[in-house]
Amino acid sequence: MMDRDLLDVAYGRRPADRIITGGTLVNVLTGELYPAEIGIVGGRIAAVEPVLERGPDTEIIDARGGYLVPGLIDGHLHIECSKLSVTSFADLVVPFGTTSVVSGLDQILVAEGLPGVRRFLDESAATGMRIWWGAPAKAPYTVPESTVGHPFGPAEHRIAQEWPECVGIWETVQEMVEHSDPAVLEALDLARERRLPVFGCAPLSDPRRISGLAAAGVRLDHESYSHEEMLEKLRRGMYGIIRESSVAHFLDENIKAVATAGARRLAFCTDDVHAADVLAGGHMDKLVRMAVAAGVDPVTAIQMATVNCAEMYRIDHLVGSLSPGRFADVLIVDSLEDFRVREVIANGVPAARDGQMVTPTPAPERGPVRPFPISPVTADDLVLRAEGAEATVLTLGFTEQVFVRKRRDVTLPVVNGVVEPSVEQDALLVTVVERYGKTGNKPVAMVSGMGLRAGAIATSAAPDDNNIICVGASREDMALAVNTVAEQGGGQAVVVDGEVRALLPLPVGGIVSDLPAAEMAVLEERLDDLARELGCTLPAPLMYLFFLSITAIPDYAVTDLGLIDCVRLTVVDPILTEV
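Predicted model only: the values in this text are computed from it and were never measured. (Residues numbered from 1 in each chain as written. Predicted model: local features only at pLDDT ≥ 70, side-chain atom pairs only at ≥ 80, totals over all residues. Heavy atoms only, no water.)

A word on helix 8 (residues 227-235). For helix 8, the full list of buried residues reads His-227, Glu-229, Met-230, Leu-231, Lys-233 and Leu-234. On its buried face, helix 8 is in contact with helix 7 (207-215), strand 11 (218-221), strand 12 (239-243), helix 9 (251-254), helix 10 (257-261) and strand 13 (266-269). Among the residues trailing helix 8, Gly-237 stands out with phi positive, at a value near 95 degrees. (Buried < 20%, exposed > 50% of the residue type's maximum accessible area, 1.4 Å probe, protein only. Helix = DSSP H or I, 4+ residues; strand = E, 2+ residues; numbered from the N terminus. Contact = heavy atoms within 4.5 Å.)

For the rest of this paragraph, the subject is the sheet that holds strand 12. The eight strands are arranged 6-7-8-9-10-11-12-13 in an open sheet whose pairing can be described as parallel. Edge positions in the open sheet fall to strand 6 (72-74) and strand 13, since each of these has one partner strand only. Recorded for the sheet is a direction-independent mean angle of 30 degrees between the axes of neighbouring strands. Sheet topology places strand 9 (residues 166-173) next to strand 10 (residues 198-201); three bridges connect them, and they run parallel. If you follow Ile-169 over to strand 10, its bridge partner there is Val-198. (Pairing = 2+ DSSP bridges. Axes fitted to C-alpha atoms, helices over the stretch in contact; angles between N-to-C directions.)

The subject of this paragraph is the UniProt feature "domain: Adenine deaminase C-terminal" (unreviewed entry) in the protein chain. Feature annotation in UniProt assigns "domain: Adenine deaminase C-terminal" (unreviewed entry) to the following positions: residues 404-567. Taken end to end, residues 404-567 comprises 22% helix and 33% strand; its first and last C-alpha atoms sit 12 Å apart. (UniProt positions renumbered as here; feature names shortened; annotations may be inferred.)

A separate point is the layout of surface pockets. Its volume calculated, the largest pocket comes out at about 630 Å³. Forming the walls of the largest pocket are 25 residues, and the residues nearest its centre are Glu-112, Pro-368, Pro-507, Val-508 and Gly-509. When grouped by side-chain class, the residues that make up the lining of the largest pocket number 12 nonpolar, five polar and eight charged. Empty space within the second largest pocket amounts to approximately 500 Å³. Lining the second largest pocket we find 26 residues, and of these Ser-124, Ala-125, Thr-127, Arg-130 and Asn-347 sit closest to its centre. Of all elements in the fold, only helix 3 (106-124), strand 8 (130-136) and strand 16 (349-353) reach the threshold of two or more residues within the lining of the second largest pocket. Partitioned by chemical class, the residues of the lining of the second largest pocket number 16 nonpolar, seven polar and three charged. (1 Å grid on protein atoms, 1.4 Å probe; cavity = no way out; pocket = protein on both sides within 12 Å on 5 of 7 lines; lining within 4 Å. Points joined across faces, edges and corners; volume = space filled by probe spheres on them. Nonpolar A, V, L, I, M, F, W, Y, C, P; charged D, E, K, R; others polar.)

Checked against the element boundaries, Thr-484 lands in helix 15 (residues 475-487). Judged by its relative accessible area of 9%, Thr-484 falls in the buried class. Polar contacts involving the side chain of Thr-484 include one to the main-chain carbonyl oxygen of Leu-480, which spans 2.7 Å. If near-sequence neighbours (up to four positions away) are discounted, Thr-484 is found in contact with Val-500 and Leu-503. (Polar contact = N/O pair within 3.5 Å; in protein donor to acceptor, adjacent residues only side chain to side chain.)

This brings us to the sheet that holds strand 29 (residues 570-572). Taken together, three strands build an open sheet; the order of strands is 27-28-29 and the sheet is antiparallel. Taken across any chain shown, the strands that pair with only one partner, and hence form the sheet edges, are strand 27 (556-559) and strand 29. Recorded for the sheet is a direction-independent mean angle of 45 degrees between the axes of neighbouring strands.

Looking now at the packing of aromatic side chains. Counting across every chain of the model gives five aromatic pairs. Taking the centre distance of 5.4 Å and the plane angle of 35 degrees together, the rings of Trp-133 and Trp-163 count as tilted. Remark: Trp-163 occurs in the loop between helix 4 (154-160) and strand 9 and Trp-133 occurs in strand 8; sequence separation between them is 30 residues. For Trp-163, a relative accessible area of 16% corresponds to the buried category. The positively charged end of Arg-118 is found above the aromatic ring belonging to Trp-163, 4.8 Å away from the centroid. Above the ring of Tyr-239, the side-chain terminus of Arg-265 is found at 3.8 Å from the ring centroid. (Phe/Tyr/Trp six-rings, centres within 6.5 Å; stacked < 30°, edge-to-face > 60°. Lys NZ or Arg CZ within 6 Å of the ring centre and 35° of its normal.)

As enumerated under the stated definition, the model contains 37 salt bridges in all. The salt bridge involving Glu-223 is made with Arg-243; its shortest N-O contact spans 2.9 Å. One end of the pair, Glu-223, is in the loop between strand 11 and helix 8; the other, Arg-243, is in strand 12, with 20 residues separating them in the sequence. Between Glu-343 and Arg-353 there is a salt bridge, with the nearest N and O atoms lying 3.5 Å from each other. Placement of the pair is Glu-343 in strand 15 (residues 341-346) and Arg-353 in strand 16, with a sequence separation of 10 residues. Residues joined in a network through salt bridges with shared partners are Glu-175, Glu-178, Arg-208 and Arg-209. (Salt bridge = Lys/Arg side-chain N within 4 Å of Asp/Glu carboxyl O.)

Neither face of strand 27 is open: one carries Tyr-556 and Val-558, the other Ala-557 and Thr-559, and all of them are buried. In this sheet, strand 28 (residues 562-565) lies alongside strand 27 in antiparallel orientation, the contact comprising four bridges. Note on strand 28: the bridge partner recorded for Tyr-556 is Asp-565. Counting the residues in the hairpin turn of strand 27 and strand 28 gives two residues.

Per the stated rule, a full pass over the model turns up three cavities of 30 Å³ or more. Estimated volume of the largest cavity: approximately 270 Å³. Taken together, 25 residues form the lining of the largest cavity, with Glu-223, Asp-271, Phe-547, Ile-550 and Ile-553 sitting closest to its centre.

See the structure below:
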C-alpha cells in the first residue's frame, strides 16, 4: 500500500518526521556534490531539497558540515563465515557504514533449511543492516553432492523465490551450468519466469566458459583472480564485483579493470571476513579507501559501493542512493578521500556514531544447545589403510593462490596396514565427519601446507556443507577435537597431547555465535595463534581449514564422501601406489 505520509512530505503538504541538515549531498546518480537537506518519514526518504519545511515535532540531525552518503552495500557476503550471528555481525559493520548486504545465507540453509533462513532474515529486521537474500542455485554446492542437513533444490525454490527478500539466484557455480545440472537449470527456469536475476560463481574462468555463463543468463560474478579475467566477464555482458576479503585480497589487482572499462558495471564485496579484520580496518568503507588510494575518483569509488551494486542487483529503487522513496540509510562522513564514517542513520533512525552502535542490538531468544547426533569418534576410525611397507599418497597441497589446492604426491610408511602421517614431509591427516546423523561418513585423506607439527584443529563452520573438518598429526588428538566440537553443538577447537587448548563454541546452527565481535576476535586470534605455535604458516589457519571442503576451488577438496578431484568432479582414492 502506498504510504500517504511519504507522499504528503514529498509534495510539501506536511513537514518531515526527521530532517538531516547542514551537509553536502553526494548524489551518486549524477556525480554531483551540493548542499541539501534530507526529509525522512518512517524509514524512507521523502524529499531531498535545498531547504525543507520544519514542524514542531520534526527531529533535526545536524551533519555539521559533513558529506551525506548512501549506506554502503556489500555485494556478496557469507555472513555465517564470520562465525557471528546476524545480530552480532550487523552491530560490527553498521558503525563502518554498511547498511545492506547481499547474502545467500547458504550455511544456515544447509544446516537448518528454509526455517533457519527465515529466522535469520527476521533477525536482521531488528538490526541496522538489511539482508537482500539470494536463493542458492542449489545446496550443497559440492560436486559430487556431500551430506547436509537440508538440501535445497527446485521444490524449495518454488517457495523461496516467492519471498519478498529474494532478489535472485545466488552462487551459481560455473560447473553446474557447464555440465547442465538439471536441478540448477530448473531453478534458473523458475527464476526466469519470475524475472529474477542470476548471480554467478566463476573463479579462474576462461572466455569459453564465461560465454556459456552469459548465455545462461548469469548477470554478475564476484570471483575474478585477475583484472584480465574481470574484463573478459565485462566484455561478455556480465557485471563484475571486486572482492577484498580477510584472506582473498583481490582489490588492488581487479581495480585495474577500471582503467579499461570504467566503473559503471563494477561494485565491491568482501565475501568472507573476520571480526578482527573489520574492527582493525573497517568493512566496505575500507574498500572505498583502497579504491581511492589506487587512483579511483572518490565519488566513483562511492558509486561502486552504493548505486552500482544496487543497480546490478535490481534493488536501486530501494537502496543505493539518497533519493525519494529509498530507505533512509544515510552516512555522514567528513572526507571523501579519507572515507571514515562519523554517523550512520539506518532505516531512518540514528544507529551508530563515532564507530559505536547508539544502542547495541539484543540477540533473539535461542533454544537450548544441541550436541550433534553422531556417535563419538575414536582414533581407530581415522585411519587411511594400505598394504605393504609404504604407500604413495595424493595429498591436497595448498599453493600461494588463495585456497587453491594442487596435487602433491608423498611416499609414507605403512604400519600394521595404516598409513602414518609425516610431520617431516608435511603430510597430515584430514577427515570430514558427517555431523547430521545421516550417514556416519568419516573418510580420511592427506593434506600438505597446513604445517602442523603436533595436535589437531577442527571446525564445524565449514562451507559448503558444515560437516566437521579436522586436520592433525595425531589421530587421538583429532578424535578429541571432533568429539569436542560435536558435544558443543558446533565450534572450533585446537587439541594438543590430549588436551583441548582452545575452544570457540558456535551453538547457533553449529556455525555462528551471539558473541560480540570484539570477543569473537579475541577467541579467533587465540585459535590461530595456537595453530601457528604448532607450525601452521597459512595466513588464517582456521579459515583455510574450513575451505577444504569447497569443490568449486581447484584442484582437490575433501568432503564427507572422501577426496574429491575438483576437475573431474569425482571421488578418488588418495592411495596411488602400495609397495
